[in-house]
Amino acid sequence: MEKTTMTVHELAIQLGISIPKAYELIKSPNFPSIRIGSRIIIPIDEYKKWLKESSGGKADEINNNL
């Protein structure tokens, strides 16, 4: 079964940013995240769409590495 979500820590690693910056990013209005209690998860498919839109379509190489 393919993984469908990632944690904020995994997001930070994927983007090469600090964990505090990743938490700042998920608070952005258009960033796809889901809060379940105190846990925050990021749907990978929605993240890929957001990344592609935010990068002007230049994120295909990053998407292929997920």
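See the structure shown above.
Bear in mind that the values here come from a model prediction, so they are computed numbers and not experimental data.

**Student:** Explain the packing of aromatic side chains here, please?
**Tutor:** Any pair of aromatic rings gets described here by the distance separating the centres and the angle formed by the planes. Overall, the coordinates contain 3 aromatic pairs when judged by the stated rule. Ring geometry for Tyr47 versus Trp50: centroids 6.3 Å apart, planes at 25°, classification stacked. Taken as a pair, Tyr47 and Trp50 lie in helix H3 (residues 44–54) at a separation of 3 residues, close to a single helical turn. Assigned by exposure class, Tyr47 and Trp50 land together as buried. Every member of this aromatic cluster is reached through a ring pair, and the members are Phe31, Tyr47 and Trp50.

**Student:** Before we go on, may I ask you to explain the pattern of salt bridges in this structure?
**Tutor:** Think of it this way: side chains of opposite charge can pair up when their charged atoms draw near. Counting across every chain of the model gives 3 salt bridges. The salt bridge partner of Glu10 is Lys3, with a shortest N-O separation of 2.5 Å. On the basis of relative accessibility, which here comes to 30%, the residue Glu10 falls in the partly exposed class. Lys49 serves as the salt-bridge partner of Glu46, at 3.4 Å between the closest nitrogen and oxygen.

**Student:** Explain the nonpolar core here, please?
**Tutor:** Side chains that are nonpolar tend, in soluble globular proteins, to be buried together. Counting residues in each nonpolar core, the largest one holds 14 residues, and the members touching the most others are Leu11, Ile26, Phe31, Ile42 and Tyr47. Mapped onto this core, the elements with two or more residues apiece are helix H1 (8–15), helix H2 (19–26), strand S3 (39–43) and H3. Broken down by element, this core gets its largest block of residues, 4 residues, from H3.

**Student:** Just checking my understanding: could you explain the sheet that holds strand S1 (residues 5–7) for this structure?
**Tutor:** Across a sheet, paired strands are connected by hydrogen bonds in the backbone, their directions being either parallel or antiparallel. Pairing is antiparallel in the open sheet, where 3 strands are placed in the order S1-S3-S2. The strands lining the two open edges of the sheet, one partner per strand, are S1 and strand S2 (34–36). Taking the axes of each pair of neighbouring strands and ignoring which way they run, one obtains an average angle of 40° across the sheet. The sheet contact formed by S1 and S3 spans 3 bridges and is antiparallel.

Analysis parameters
- Residues numbered from 1 in each chain as written.
- Predicted model: local features only at pLDDT ≥ 70, side-chain atom pairs only at ≥ 80, totals over all residues.
- Heavy atoms only, no water.
- Phe/Tyr/Trp six-rings, centres within 6.5 Å; stacked < 30°, edge-to-face > 60°.
- Helix = DSSP H or I, 4+ residues; strand = E, 2+ residues; numbered from the N terminus.
- Buried < 20%, exposed > 50% of the residue type's maximum accessible area, 1.4 Å probe, protein only.
- Salt bridge = Lys/Arg side-chain N within 4 Å of Asp/Glu carboxyl O.
- Core = buried A, V, L, I, M, F, W, Y, C linked by side-chain atoms within 4.5 Å.
- Pairing = 2+ DSSP bridges.
- Axes fitted to C-alpha atoms, helices over the stretch in contact; angles between N-to-C directions.

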